[in-house]
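As a plain string of letters, each chain reads:
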Amino acid sequence: MFRGIGLPAMVIVSVVSALGQKSTIRGTVVDPAGAVIGNAYVLIHTDALDREHRVAYQLELRSNKQGEFTATVPSGFFDLFVGAEGFAPFSQKVRTH
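Thresholds, definitions, all that
Note on numbering: residues in each chain are counted from 1, in written sequence order. Totals for whole chains, interfaces and linings use all residues, but because this is a predicted model, local features are given only for residues with pLDDT of at least 70 and pairs of side-chain atoms are given and counted only at 80 or more. Only hydrogens and water are removed before side-chain values are computed, so all heavy atoms of the structure are retained for them. Note on conventions: DSSP H or I runs of at least 4 residues are helices, E runs of at least 2 residues are strands, and numbering of each starts at the N terminus. Partly exposed residues are those whose accessible area sits between 20% and 50% of the maximum for their type, while under 20% is buried and over 50% is exposed, using a 1.4 Å probe and protein chains only. Contacts are assigned to residue pairs that have any heavy atoms within 4.5 Å of one another. In this analysis, strands are considered paired if DSSP registers two or more bridges between them. Axis lines are fitted through C-alpha atoms, for helices just across the contact stretch, and the angle between N-to-C directions can take any value from 0 to 180 degrees. Salt bridge, as used here: a side-chain nitrogen of Lys or Arg that lies within 4 Å of a carboxyl oxygen of Asp or Glu. Pairing of aromatic rings covers Phe, Tyr and Trp, the last through its six-membered ring, and needs centres within 6.5 Å; plane angles under 30 degrees mean stacked, over 60 mean edge-to-face, and all others mean tilted. A residue's pLDDT is the predictor's confidence in that residue, given on a scale from 0 to 100.

With that out of the way, let us pick up the overall build of the protein. Secondary structure assignment for the protein yields zero helices and nine strands. Shown N-terminal to C-terminal, the secondary structure of the protein runs as helices and strands in the order β-β-β-β-β-β-β-β-β. Buried residues in the protein amount to 39% of all 97 residues.

In structure tokens, the structure reads:
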């Protein structure tokens, strides 16, 4: 499991809105020096204060060898968590439109 010690993992995130109620969250997991972190664990779930979703939304995935991940999610507020062996966990709030 993740030890929560070591260098922090960072994520470069972009949100692309699509027509309708879906958006795409794209990101690249990198270390502080900018080197990609492949196979990082990514968890995206509805924000605890998000009133837009009537049902909790959660998606678990892994970054590819280039540290990239892509997720299609409904519009709203999300918590994004990233973890990788040897790196401190990373979290970020994300809003999609």
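By secondary structure assignment, the location of Ser-91 is in strand β9 (residues 90–96). Look at Ser-91 and you get partly exposed, because its relative accessible area is 48%. The contact partners of Ser-91, leaving out residues within four places of it in the chain, are Leu-80 and Phe-81.

Here we have four strands laid out as an open sheet, ordered β5-β4-β7-β9, and antiparallel in their pairing. Where the open sheet ends on each side, the last strands, each with one partner, are β5 (58–62) and β9. Each strand axis lies, on average, 20° off the axis of its neighbour in the sheet, ignoring direction.

This paragraph deals with the pattern of salt bridges. A complete count under the given rule lists one salt bridge for this structure. Close ionic contact of Lys-93 with Asp-79 constitutes a salt bridge, the shortest N to O distance being 2.8 Å. Residue Lys-93 is found in strand β9, and its partner Asp-79 is found in strand β7 (residues 76–83); the two are separated by 14 residues along the sequence. Residue classification places Lys-93 among the exposed positions, given a relative accessible area of 57%. For Asp-79, a relative accessible area of 11% puts it in the buried group.

Moving on to the packing of aromatic side chains. In this structure the tally under the stated criterion is one aromatic pair. Measuring from ring centre to ring centre gives 5.9 Å for Tyr-57 and Phe-78, while their planes differ by 75°; the resulting arrangement is edge-to-face. Placement of the pair is Tyr-57 in the loop between β4 (41–46) and β5 and Phe-78 in strand β7, with a sequence separation of 21 residues. Phe-78 sits in the buried class, given a relative accessible area of 1%.

Note on placement: Asn-39 falls in the loop between β3 (22–30) and β4. Taking the C-alpha atoms as reference points, Asn-39 and Ala-84, separated by 45 residues in sequence, lie 7.6 Å from one another. Apart from the residues lying within four places of it in its own chain, the contact partners of Asn-39 are Arg-62, Ser-63 and Asn-64.

Now for the confidence of the model for the protein. Averaged over every residue, the pLDDT of the protein is 79; residues scoring 70 or more account for 70%. When the criterion is pLDDT under 50, residues 1–6 qualifies, and its contacts beyond four places in sequence or with other chains add up to 15 contacts.

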